[in-house]
Amino acid sequence: MKDTSKHQGLRNQLVKLLEGKGIVDKNVLEAIQKIPRHLFLDSGFEQYAYQDKAFPISAGQTISQPYTVAFQTQLLEVKKGDKVLEIGTGSGYQTAVLCSMGAKVYSIERQLELFKKTSLLLPKLGIRTKHLSFGDGYKGLPDYAPFDSIIVTAGAPTIPKPLMEQLKIGGRLVIPLGKNEQIMTLLIRKNETQFEKHEHGEFRFVPLLEDKN
Ligand code: SAH
């Protein structure tokens, strides 16, 4: 697994493109500049890694478009040491971006094949997560709650209640909401019972699937 100056050059161009599209969080841009996205795609698809596009990975899933990763991460306002829950580990690219920003990352994936593959890949790349879990993200991770922020990387028909409950007061939940197309939605927890809601435009995700069992 190699990361060359050619890859670095392509990443610099990608970062410029994301800046052009309105990403301003320096920490997000720095993480995208650092993480070798080509190593999260199957070999042979390297040439697609630094285009601003989603791409198929295993089990009929996709690695999110770099702009989407940057946009969601920017909405999270990640600070060093934040405890972050990710629903939909997938390729692990978003996970790696969060780790690179100094977050303590807990992530859940529902496809066994992807869970196994990514659980092996991340340590190989020197990326240390707090906890990778195989299971249903609708339930969150009650044993490790509460979280400073929660990011859902699949399209959800509604906001799973457990995720709202597992958010700290003041915490941020970023979730694409909708069936065919999704509205990027940010919830900020104001107190025990109240959440402030902000909507941030349309995106397209693979669906957040219900438990198989
Ligand atoms: N963050 C990933 C995005 C992968 S696509 C990346 O950057 O590669 C969304 C992922 O959510 C898929 O891997 C899919 O299997 C997973 N997913 C869908 N429903 C889920 C659920 N209920 N719980 C956990 N993961 C789920």
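Preceding this paragraph is the structure being described.
Summary of the structure given here. (Residues numbered from 1 in each chain as written. Predicted model: local features only at pLDDT ≥ 70, side-chain atom pairs only at ≥ 80, totals over all residues. Heavy atoms only, no water.)

Description of the packing of aromatic side chains
Let me state the cut-off plainly: Pairs were defined over the aromatic rings of Phe, Tyr and Trp, the Trp ring being its six-membered one, requiring ring centres within 6.5 Å. Orientation was assigned from the angle between planes: stacked under 30 degrees, edge-to-face over 60, tilted for the rest. Burial here depends on accessible area, computed with a 1.4 Å probe over protein chains only, as a share of the maximum for the residue type. Under 20% is buried, over 50% is exposed, and the range in between is partly exposed. We call a charge positioned over a ring when the NZ of a Lys or the CZ of an Arg lies within 6 Å of the ring centre and within 35 degrees of the ring normal.
In total, this model carries ten aromatic pairs according to the counting rule given. Here F45 and Y48 contribute two aromatic rings whose centre-to-centre distance is 6.4 Å and whose plane-to-plane angle is 45°, an arrangement assigned as tilted. Aromatic side chains Y48 and F55 sit 5.0 Å apart centroid to centroid with 25° between the ring planes, which places their arrangement in the stacked category. On the basis of relative accessible area, Y48 is assigned to the partly exposed category, the value being 32%. Exposure remark for F55: the relative accessible area of 15% places this residue in the buried category. Among the aromatic side chains, those forming a connected cluster through ring pairs are F45, Y48 and F55. Cation over ring: K21 sits above Y67, and NZ or CZ is 5.5 Å from the ring centre. Note that R37 overlies the ring of Y93, its terminal NZ or CZ placed 5.5 Å from the centroid.

Overview of the site of the ligand
Worth spelling out the cut-off: Only heavy atoms are used to decide nearness, and a residue is near a molecule or strand if one of them lies within 4 Å of it. Identification of polar contacts relies on pairs of N or O atoms within 3.5 Å, with a donor-acceptor requirement for protein atoms, meaning one able to donate a hydrogen and the other able to accept it, and with residues adjacent in sequence counted only if both atoms are side-chain atoms. We get accessible surface area from the Shrake-Rupley algorithm with a probe of 1.4 Å; when it comes to residues, only the shown protein chains can shield them. Numbering goes from the N terminus for both helices and strands, where a helix is a DSSP run of H or I of at least four residues and a strand is a run of E of at least two. Only Asp, Glu, Lys and Arg are considered charged, only Ala, Val, Leu, Ile, Met, Phe, Trp, Tyr, Cys and Pro nonpolar, and every remaining residue, Gly among them, polar.
Taken together, 26 residues lie around the ligand, and S91, E109, D136, G137 and L209 are the ones closest in. The separation between a nitrogen atom of the ligand and a polar side-chain atom of E86 is 3.3 Å. Here the ligand, which alone exposes 580 Å², has 100% of that area covered by the protein. For the shell around the ligand, the elements supplying multiple residues, two or more each, are β2 (62–63), β3 (83–87) and β4 (104–109). When the residues that make up the shell around the ligand are grouped by side-chain class, the tally is ten nonpolar, twelve polar and four charged.

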